[in-house]
Amino acid sequence: MFMRIDHVGIACHNLEEKIAFFERTFDLTVVAREINEEQGVKEAMLHIADGDGGASYIQLLEPLSPDTPVGRFLAKRGEGVHHVAFGVPDVARALEEIGGKGIRLLDEKPRHGSMGSSIAFLHPKDVGGMLTELVQAPDH
Ligand code: CMX
Ligand code: CO
């Protein structure tokens with residue numbers, strides 16, 4: 001079902017500061033910046049590598065307001081790893097399969113993600129405490 005780790009999402013208070021930190025510390029490059037109103041975030045994707053299953057990234061996330069998933073996470077836990085996203089060939093199909101195993105789906109159908117992708121989330125309480133995202137790249 002999983003082709004790669006697409007990205008690790010990191011919650012932060014100040015996107016520009018965190019981008020600068022990742023650029024100077026790990027020599028990474030920002031390949032996309034977006035505001036996703038539906039997800040309540042201002043975000044940047046930093047490219048890590050290209051593999052057989054597709055590319056992988058670090059996703060830096062700043063909340064658009066405190067009353068959003070990332071805003072609530074920051075208030076409760078502070079900055080750090082917010083979610084792990086796996087690349088799948090077909091998000092709708094993966095949701096059907098995973099939902100059939102009793103895992104709570106936070107999205108019943110795919111939504112718009114970074115760089116034209118389709119995404120959906122699984123409840124962290126049903127995945128060992130890890131907020132899990134499924135990502136279908138736009139060319140799939
Ligand atoms: N990782 C692990 N556990 C988490 C979590 C996270 N990121 N966010 C919340 N939780 C836990 C909380 O600690 C809480 O547990 P306890 O009851 O034991 O304290 C429980 O889940 C419920 O959380 P909550 O405080 O009620 O928080 P929310 O109301 O924000 O709901 C969640 C949590 C996961 C349902 C919500 O954040 C969500 O729907 N997320 C999916 C969308 C999203 O995260 N979008 C931003 C990223 C966009 C992108 O990647 O493109
Ligand atoms: Co993400």
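Our structure is the block above this text.
The text that follows walks through the structure, step by step, so that each part is easy to find. Computed from a prediction, not measured in an experiment: that's the story for all the values here.

With respect to the packing of aromatic side chains
Part 1 of the reasoning: Applying the stated criterion across every chain, the model contains four aromatic pairs.
Part 2 of the reasoning: Aromatic pair F21 and F22: ring centres 5.6 Å apart, planes at 80°, arrangement edge-to-face.
Part 3 of the reasoning: Exposure remark for F21: the relative accessible area of 33% places this residue in the partly exposed category.
Part 4 of the reasoning: Between F22 and F26 the ring centres are 5.6 Å apart and the planes differ by 55°, which places this aromatic pair in the tilted class. Here F22 and its partner F26 are both found in helix α1 (residues 15-26), four residues apart, which amounts to about one turn of the helix.
Part 5 of the reasoning: These aromatic residues form a ring-pair network of at least three members: F21, F22 and F26.

What about the pattern of salt bridges?
Part 1 of the reasoning: What the rule picks out here adds up to eight salt bridges.
Part 2 of the reasoning: The salt bridge partner of R4 is D6, with a shortest N-O separation of 2.7 Å. In terms of burial, R4 and D6 fall into one category: buried.
Part 3 of the reasoning: Its salt-bridge partner being E79, residue K18 comes within 3.2 Å of it at the nearest N-O pair. Taken together, the residues K18 in helix α1 and E79 in the loop between α2 (69-77) and β5 (80-87) connect sequence positions 61 residues apart.
Part 4 of the reasoning: Judged by relative accessible area, which is 21%, K18 ranks as partly exposed.

Looking at the layout of surface pockets
Part 1 of the reasoning: Volume-wise, the largest pocket comes out at about 970 Å³.
Part 2 of the reasoning: For the largest pocket, the lining is made up of 45 residues, of which P69, H82, H83, F121 and L131 are closest to its centre.
Part 3 of the reasoning: Those elements that provide at least two residues to the lining of the largest pocket are β1 (4-11), β3 (41-51), β4 (54-63), α2, β5, β7 (118-122) and β8 (132-136).
Part 4 of the reasoning: Considering each element in turn, the lining of the largest pocket owes the most residues, six residues, to α2.

Let's talk about the pairing of β4
Part 1 of the reasoning: Burial within β4 is extensive, with nine of its ten residues counted as buried.
Part 2 of the reasoning: Bridging between β1 and β4 involves five bridges; their strand directions are parallel. What sits directly across from A11, in β4, is L61.
Part 3 of the reasoning: Here β3 runs beside β4; their pairing, made up of ten bridges, is antiparallel. Directly across from A49, in β4, lies its bridge partner S56.

Criteria and thresholds
Residues numbered from 1 in each chain as written. Chains lettered and ligands numbered in written order. Predicted model: local features only at pLDDT ≥ 70, side-chain atom pairs only at ≥ 80, totals over all residues. Heavy atoms only, no water. Phe/Tyr/Trp six-rings, centres within 6.5 Å; stacked < 30°, edge-to-face > 60°. Buried < 20%, exposed > 50% of the residue type's maximum accessible area, 1.4 Å probe, protein only. Helix = DSSP H or I, 4+ residues; strand = E, 2+ residues; numbered from the N terminus. Salt bridge = Lys/Arg side-chain N within 4 Å of Asp/Glu carboxyl O. 1 Å grid on protein atoms, 1.4 Å probe; cavity = no way out; pocket = protein on both sides within 12 Å on 5 of 7 lines; lining within 4 Å. Points joined across faces, edges and corners; volume = space filled by probe spheres on them. Pairing = 2+ DSSP bridges.

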